[in-house]
Amino acid sequence: MVSSEHGGERPDGVADYSGPAGGWGALRAVARAVRDQMGASTDTRALLQMNQPDGFDCPGCAWPDPKHASSFEFCENGAKAVTWEATAKRVDPDFFAQHTVSELWNWSDHALEDAGRLTHPLRYDAASDRFLPLTYDEAFARIGAVMRSLDHPDEAEFYTSGRASNEAAFLYQLYAREFGTNNFPDCSNMCHEATSVGLPMAIGVGKGTVTLDDFDECDAIFCIGHNPGTNHPRMLSTLRDASRRGVPIVVANPMRERGLERFKSPQHPTEMLLPRDTALASAYHLVKVGGDAAMLKGMMKRLFERDVLDHAFIAAETTGFDALTADIEATGWGEIERRSGLTRAAIESMADTYAAAERVIICYGMGITQHRHGTENVQQIANLLLLRGNIGKPGAGICPLRGHSNVQGDRTVGITEIPKEDLLQRLDTAFGIDSPRKHGHNAVETLAAMREGKSRTFIGLGGNFAVAMPDPDVCYDAFRKLDLSVQIVTKFNRTCLLIAKQDTIVLPCLGRTEQDVQETGPQSVTVEDSMSMVHASRGKLKPVAEDMMSEPAIIARMARETKPASPIDWEGMVADYDRIRDKIEQVFPEFFDFNARIRQPGGFRLHIGPSFREWGTEDKKAHFLVHPTTDEDDGRNDTSLTLTSIRSHDQYNTTIYGLNDRYRGITGRRDVIFANADDMAALGLAHGDRVDLIAGHRVLAGQTLVAHPIAQGSLAAYYPECNGLMAFDDYDGRSGTPAYKSVPVRLRKAA
């Protein structure tokens, strides 16, 4: 223990980080990841093929590629994602001969995935408490038998991770709908469902309206509720370029994050040799956790008071303005300040910067969506942009920052529990099937159905569903009630260890970095980024096992075994992925000339109507939407603290690459709670104290308190460790998104 600037002793593994985002620290981290995972393997050349026109798409975030990618168009966390997948470590039958399931359950989530890549299909054997190898054919026969034995198709759940390609996701939704269900819990339900639900009501499409080029033309950028340094690091280069041309970057975030403050680009050698870095945020406001709606209303109130609205745009393009005006006028500054945690002067300064710019982009992440009122938060951002006509013109628009690299594309090609009739009609025509019309389960509804015994099978196309969802005790118990659990993954994770009553099967698949060779030769897949750009991805590395199957091939075989007499040419589509894309084009007309357009460097952008002021709403107008509430604390005691979940810098979603969080000064541990120093003092606590975090009857015990620049009344802890504090039925009623980022809690000193 050493002394700390916060007073008292500094806990082991807690220090102050003074460097910029990126910089030499990023290069050292990449070198360590390559050394630890890939060793002396020649496969390190994979890093040079990432995000290149003839290479593979980064398996990490969904930030778009620049038109002219450099030879090193990747970031630190993208490099970690590649080394994690292209690791030289293997989890083979010998591994499972040495370790029982009971033993593996006590491993950390990091250790489970760090063991390496899976090489063989596996089935749990109760007699030995081990996973034993079996052939793919044997696995598919078992899966098909259980699926055919279900009393009703709605007893099956089909989960999708955002890493699945468009081709895999399209075949997956076709498999489920031919089987007879729309049960599609997917990772969108846990992150940006508030965007998918909220924006169509406002502007007619559930996607962002900007392109990467718009960042070159904007006059101001607002970053609300996101942390690019960790979650989408390639965005830092875009913010750097904007800052260098004098564009104000206004940040509203509960915590100070180095990735929004300063950046030194590791991809610019000259910059790396200079002593200075690039300042990003021109203003940084610590909005209280859950106070975003109040802040946004305050900004709008200032615009109304100054009458700096685009009245011509409002009259010609929108509806609902009078109702919004009445709501904003009825909202007092006292309420806005109390609930946002910001002063009136701070909010007015944000609004004045917004009003001074002709072209504004607002970027937001899960700090906006993962709340009880996440859908309303998204719609308030749309309201703010519409007031000055900042949607549908160059250099302006709304920019939701998606997580995994194809989470948006999966939804585009049909992964949705609430499909529209026109989609189902085109699907039925293209394949000669009769799709179900009944809406299916989202992630929360899936967990409830499993818990109640109404769902008997769960097929996971990637991901780590049981760890990603809140309330692990409920989730784990629900999995153990299933008849069949199938996990299609590249690495072993905790969800694989949840043993179903009849069969638990793990199917390894090709990773995005690996060659996918089918009957007609090497194949490519496609992905859609956060800005609706669709491009090809082609792996170049040798697969980890000779007979390793791709996700499309696995889905097709499961479908054939489930419905042997299916009229769908599953085998023909898998033989040549161009045939899958031909069918995607037939079902989704916006993919016209699909195969031709993805063969162009950089791919193509899907048509986003609001980018051209074509509103996809029923009345063809953009809608101002009114929400009287201003934050997350409905019915709460205002003196309670509110916890937000966060990811470390050594992490992507539930995948934990290591135990460090460099930008926040944490090394070798994840058992910390970030808190405001004044809140700590008011509770008689100090930096370094061991504390318990309490939410109702749930307790996260023995955490170390760390003083950090965070809004008063707010706390932060690592996800998924803090998921045990969250009830699975605490979610946004409109989108079904769990409230990961607004959990009412108490602190007490640990015994």
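Relevant structure appears above.
Residues numbered from 1 in each chain as written. Predicted model: local features only at pLDDT ≥ 70, side-chain atom pairs only at ≥ 80, totals over all residues. Heavy atoms only, no water.

Quick notes on the sheet that holds strand E29 (residues 672-675)
Going by this rule: Strand pairing is defined by DSSP finding a minimum of two bridges between the two strands. The secondary structure listing takes helices from DSSP runs of H or I that are at least 4 residues long and strands from runs of E that are at least 2 residues long, numbered from the N terminus. In this analysis an axis means a line fitted to C-alpha atoms, helices contributing only their contacting stretch, and an angle means the value between N-to-C directions, from 0 to 180 degrees.
What the six strands build is a closed barrel, ordered E26-E32-E29-E31-E30-E33; its pairing is mixed. When the angles between neighbouring strand axes are averaged without regard to direction, this sheet yields 45°. Alignment of E29 against strand E32 (residues 714-718), held across three bridges, turns out to be antiparallel. Bridge pairing in E32 links Phe 674 to Ala 716.

Quick word on the nonpolar core
Keep this limit in mind: Nine residue types can take part in a nonpolar core, namely buried Ala, Val, Leu, Ile, Met, Phe, Trp, Tyr and Cys, and a core is a set of them joined through side-chain atoms within 4.5 Å. Burial classification: accessible surface area is computed with a 1.4 Å probe over protein chains only, and a residue below 20% of its type maximum counts as buried, one above 50% as exposed, and the rest as partly exposed. Contacts: residue pairs with any heavy atoms within 4.5 Å of one another.
Judged by nonpolar contacts, the single largest core of 64 residues is most densely connected at Phe 158, Phe 170, Tyr 175, Phe 431 and Leu 507. In this structure Phe 170 touches Val 413, Leu 427, Phe 431, Ile 580, Lys 583, Ile 584, Val 587 and Phe 588, once residues within four positions along its chain are discounted. If you look at the next biggest cluster of nonpolar residues, it comprises 51 residues, including Ile 336, Ile 391, Ile 608 and Trp 615.

Digging into the pattern of salt bridges
Stated formally: By convention in these notes, a salt bridge is any Lys or Arg side-chain nitrogen within 4 Å of a carboxyl oxygen on Asp or Glu.
All chains considered together, the criterion is met by 46 salt bridges. Between Arg 456 and Asp 483 there is a salt bridge, with its nearest N and O atoms 2.6 Å apart. Here Arg 456, found in the loop between helix H22 (443-451) and strand E17 (457-461), pairs with Asp 483, found in the loop between helix H24 (472-479) and strand E18 (484-489); they are 27 residues apart in sequence, far enough to count as distant. Pair check on accessibility: Arg 456 and Asp 483 agree, each one buried. The partner of Asp 671 in a salt bridge is Arg 669, with the nearest N and O atoms 2.9 Å apart. A residue is classified by how much of its surface remains accessible, and Asp 671, at 24% relative accessible area, is partly exposed.

As for the side chain of Glu 178
One can find Glu 178 in helix H8 (residues 166-179). Not counting chain neighbours up to four residues away, the residues in contact with Glu 178 comprise Ile 433, Lys 563, Ser 566, Pro 567, Ile 568 and Trp 570.

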